[in-house]
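Residue-level structure breakdown
Take a look at the letters that make up each chain.
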Amino acid sequence: MLNNTQIRQCLDAMAEMFPDAEGELVHSNPFELVIAVLLSAQCTDKLVNKVTADLFQKYKTPEDYLAVPLEEVENDIRSIGLYRSKAKNIQKLCRTLLDDYNGEVPQTKEELVKLAGVGRKTANVVASIAFNEPAIAVDTHVERVSKRLGICRWKDSVIEVENTLMRKVPRDEWSVTHHRMIFFGRYHCKARNPNCPECPLLELCREGKKRMKKTG
DNA sequence: CTCCCGATAT
DNA sequence: ATATCAGGAG
């Protein structure tokens, strides 16, 4: 496991590699962000942006998504994958916004996770990006990077990873760290073919050293 | 735990 | 062909 100094090295290296890391989901208000993040589950941001380009032209409000049959929403997001459950969740979420929140997106994580299709990770992303609430959303990249580097243990659950990061990273760096870890994971410490040979963190990375030994 | 599920990289 | 993609619900 890495000590606090080594974790600091990780954060600094990621900051140097990806100084401009930020969310890549295109949106112009909290409602669009919720829809975009919901759609992004098990799916790349690039593909989500391709779909929402048309989607957000057609559907501006919760009422708009409820004014058409479920099959029409399904069809409009089909290329995303998991489209049946996501379409159903979108309409259910819109119904809740109208019934319980006056058509607005609630601002706290506690309220956000009550919405259909919004779990812990999505709630963290929305709270962080739309409402400036410090949060570390643990997705597949954050989890993989944290475990490979040794910031947390391999067997840790998503919530344990999140708690460890919140404990080890200063609160005012949570959101930016979240984005940098995602960029680091997406473009450098990739799931399939991590770029260990050119990694500034190789010397303190247990997984990286193991891989370098294996593949030369 | 399983299921949802199309697009993409390898 | 197959693993993986900014997960969540049942």
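Residues numbered from 1 in each chain as written. Chains lettered and ligands numbered in written order. Predicted model: local features only at pLDDT ≥ 70, side-chain atom pairs only at ≥ 80, totals over all residues. Heavy atoms only, no water.

1. Quick look at the packing of aromatic side chains
- For the structure shown, the criterion picks out 5 aromatic pairs.
- A ring pair is formed by tyrosine 59 and tyrosine 65, whose centres lie 4.4 Å apart and whose planes are at 5 degrees; its orientation type is stacked.
- Of the residues examined, tyrosine 65 reaches a relative accessible area of 0% and is grouped as buried.
- For the pair phenylalanine 183 and tyrosine 187, a centre-to-centre distance of 5.4 Å together with 65 degrees between the ring planes defines the contact as edge-to-face. (Phe/Tyr/Trp six-rings, centres within 6.5 Å; stacked < 30°, edge-to-face > 60°. Buried < 20%, exposed > 50% of the residue type's maximum accessible area, 1.4 Å probe, protein only.)

2. Some words on the protein's contact with DNA strand B
- By nearness alone, every residue bordering DNA strand B is listed as Leu47, Lys50, Arg78, Ser79, Gly81, Leu82, Tyr83, Arg84, Ser85 and Arg192.
- At a separation of 2.9 Å, a sugar or linking oxygen of DNA strand B approaches a polar backbone atom of leucine 82.
- Between a phosphate oxygen of DNA strand B and a main-chain N or O atom of serine 85, the distance comes to 3.0 Å.
- Contributing elements (two or more residues each) for the surface near DNA strand B: α3 (45-58) and α6 (83-100).
- Of the residues belonging to the surface near DNA strand B, the class tally is 3 nonpolar, 3 polar and 4 charged. (Near = heavy atom within 4 Å. Polar contact = N/O pair within 3.5 Å; in protein donor to acceptor, adjacent residues only side chain to side chain. Helix = DSSP H or I, 4+ residues; strand = E, 2+ residues; numbered from the N terminus. Nonpolar A, V, L, I, M, F, W, Y, C, P; charged D, E, K, R; others polar.)

3. So, the domain arrangement of chain A
- Along its sequence, chain A is carved into domain 1 (4-21 + 136-215) and domain 2 (30-131).
- A separation of 28 Å is found between the C-alpha centroids of domain 1 and domain 2.
- On the side of domain 2, 7 residues touch domain 1, which itself brings 10 residues to the contact.
- Buried surface at the junction of domain 1 and domain 2, both sides included, amounts to about 640 Å², of which 50% is carbon and sulfur.
- Where domain 1 touches domain 2, the interface holds 2 salt bridges. (Domains from an automatic or database assignment. Contact = heavy atoms within 4.5 Å. Buried area = accessible area lost by both parts, 1.4 Å probe. Salt bridge = Lys/Arg side-chain N within 4 Å of Asp/Glu carboxyl O.)

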